[in-house]
Amino acid sequence: LWVTLGKGAPAVVFIAHLDEIGFRVTGIQDDGSLDLTPVGGLFPSLWEGKPALVHTRRATVPGVFMPRDSTSSPDLVRTPPHDLRANVGTGSREATAALGIEVGNTLTMPKEFVRLANTRATARSFDDRVGSAAQVLALRHLDRARLRHTVIFVWSVREEIGLEGAEAVANALGLRLSRVHAIDTFVSADSPLESPNFAVAPLGRGAVARALDNSSVTPPAYLDTLVRVVQRRQIPFQVGTTNGGNDGSVFSSYGVPDVPIGWPLRYSHSPAETMDLRDLVSLAEVIRAVAEQW
């Protein structure tokens, strides 16, 4: 999905992704259960014993990600599962197929937004629903009269399996761009069991400049400019380094600088991702400031 505003060169892109992690059916057992493979990076053990949704061509079929059989060996309790499976309540291959389920169908789990204390919230696939929402909020309040050049907002797909949607955008735009801003999660170590020595961006303290991750390094001059733009608006903001990749990195083959902007997330790629709503507000304001002033 593309939204283009303003006019004139150079063009600047903001890009957030709509897809999420999940699973794909690779086989149906005689007892009707489903063999699965992960789609995107995740820890299968976090999904055990959780509700499942099988997305068929005709409908969405409820089920459950099957917990491991802990009776056969005590070691299974301590060892992450090698192969996660799902059950939809049937007892045979034929009964499962009668529900429209076939190899290639995808699975997610029920999505529920739950407010926690104060401004915290939890749900699955905040990555990158928060970034996508921030772009909508920024568009809603953007002063189009202040735009100095063309600004393109993109909501991409297939980010979790290799930045494929962003690559298509990069190929379409080529050398037209002066820079790209990937609007995505900052995987934060702001949680009780993680080391504070890397990737700490506390929840509730604002959006985060992803100065470095596994896919890109923000040029220092661009990072400094970004910080100055945000400071002029007095928007809560952080700077950090983290793991993971971002959509903007695939634009580098065209010489387009990648200046990713994130929001801090706990428990990334789990069914209980946790964020602070103040960071969503900060992120939307940062996007608006960058679009209007840079």
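In what follows, the structure referred to is the one given above.
This one's a predicted model, so the numbers in the text were calculated from it and none came from an experiment.

**Examining the overall build of the chain**
Each helix and strand counted, the chain has six helices and 16 strands in total. Classification of the 294 residues of the chain by burial places 51% in the buried group. Long-range pairs, those at least 24 residues apart, make up 76% of the contacts in the chain between residues at least 6 apart in sequence. Per element, the accessible surface of the chain, about 13600 Å² overall, is 54% carbon and sulfur. The positive charge centre, built from 29 side chains, and the negative charge centre, built from 31, are 9 Å apart in the chain.

**Quick notes on unusual backbone geometry**
Here the amide bond leading from Ala9 into Pro10 is cis, since omega sits at -5 degrees, within 30 degrees of zero. With respect to the element layout, Pro10 can be found in the loop between strand 1 (2-5) and strand 2 (11-17). Positive phi outside glycine occurs at Asn118, with the angle close to 55 degrees. Among the secondary structure elements, Asn118 is positioned in the loop between strand 9 (114-115) and strand 10 (120-123). Of note in this structure, Ala199 is not a glycine but carries a positive phi near 65 degrees.

**Things to note about the nonpolar core**
Counting residues in each nonpolar core, the largest one holds 41 residues, and the members touching the most others are Phe14, Phe153, Leu226 and Phe237. Secondary structure elements with two or more residues in this core: strand 2, strand 10, helix 3 (126-141), strand 11 (151-156), strand 13 (207-212), helix 5 (220-232), strand 15 (261-265) and helix 6 (277-293). At eight residues, helix 6 tops the list of elements feeding residues into this core. By size, the runner-up hydrophobic cluster in this structure holds 18 residues, among which are Leu36, Trp47, Leu84 and Ala86.

**Topic: the environment of Ile28**
Among the secondary structure elements, Ile28 is positioned in strand 3 (residues 22-28). Once the C-alpha coordinates of Ile28 and Thr96 are considered, the two residues, 68 residues apart in sequence, prove to be 7.9 Å apart. Those residues in contact with Ile28 that lie beyond four places of it in its chain are Ser33, Leu34, Arg93, Thr96, Ile101 and Glu102.

**Brief notes about the side chain of Asp190**
In this fold, Asp190 is placed in the loop between strand 12 (177-187) and strand 13. According to the relative accessible area criterion, Asp190 is buried, its value standing at 17%. Side-chain polar atoms of Asp190 contact the backbone nitrogen of Leu203, separated by 2.9 Å. Discounting chain neighbours no more than four positions away, the residues touching Asp190 are Ala201, Pro202, Leu203 and Arg266.

**Quick notes on the sheet that holds strand 3**
Taking strand neighbours around the barrel as the criterion, the six strands line up as 3-4-7-6-5-8 in a closed arrangement whose pairing is antiparallel. Pairwise comparison of adjacent strand axes, ignoring direction, gives a mean angle of 45 degrees for this sheet.

**Side note on the sheet that holds strand 14 (residues 237-241)**
Taken together, seven strands build an open sheet; the order of strands is 1-11-2-12-15-13-14 and the sheet is mixed. In this open sheet, the two edge strands, each paired with only one partner strand, are strand 1 and strand 14. Averaged over all neighbouring strand pairs, the angle between strand axes comes to 25 degrees, with direction disregarded. In this structure, strand 12 lies alongside strand 15, joined through five bridges in parallel fashion. Its bridge partner lying in strand 15, Asp184 is registered against Gly262.

**Quick word on helix 5**
When the terminal C-alpha atoms of helix 5 are compared, their 19 Å separation across 13 residues agrees well with the 18 Å that a helix rising 1.5 Å per residue should span. Residues of helix 5 that are buried in the fold lie against strand 13, strand 14, strand 15 and helix 6. Note on helix 5: the residue one or two positions beyond its end, Gln234, has a positive phi of about 55 degrees.

Cut-offs used in this document
- Within any chain, residue numbers begin from 1 and follow the written order of that chain's sequence.
- Given that the model is predicted, a residue must reach a pLDDT of at least 70 before its local features are reported, and side-chain atom pairs must reach 80 or more before they are shown or counted; all residues, however, enter totals for whole chains, interfaces and linings.
- Only hydrogens and water are set aside when side-chain values are computed; all heavy atoms of the structure are taken into account.
- Strands are runs of DSSP state E lasting at least two residues, helices are runs of H or I lasting at least four, and both sets are numbered from the N terminus onward.
- When a residue's accessible area, from a 1.4 Å probe over protein chains only, is under 20% of the maximum for its type it is buried; when over 50% it is exposed; and in between it is partly exposed.
- A contact between two residues is defined here by any heavy atoms of the two lying within 4.5 Å.
- Method for areas: the Shrake-Rupley scheme with a 1.4 Å probe, in which residue coverage is limited to the protein chains shown.
- When charges are tallied, Lys and Arg are placed among the positive residues and Asp and Glu among the negative ones, while His and the ends of the chain are skipped.
- For charged residues, the charge sits on one atom: NZ in Lys, CZ in Arg, CG in Asp, CD in Glu.
- What makes a nonpolar core is a set of buried Ala, Val, Leu, Ile, Met, Phe, Trp, Tyr and Cys residues whose side-chain atoms join them at distances within 4.5 Å.
- Pairs of N or O atoms within 3.5 Å make up the polar contacts considered here, provided that, within protein, one atom can donate a hydrogen while the other can accept it, and that residues adjacent in sequence are counted only when both atoms are side-chain atoms.
- Only strands that DSSP links by at least two bridges are regarded as paired with each other.
- Fitted lines through C-alpha atoms give the axes, limited to the stretch in contact for helices. The angle between two N-to-C directions lies from 0 to 180 degrees.
- A helix's residues, less one, multiplied by 1.5 Å, set its expected span.

By themselves these figures say nothing about function.
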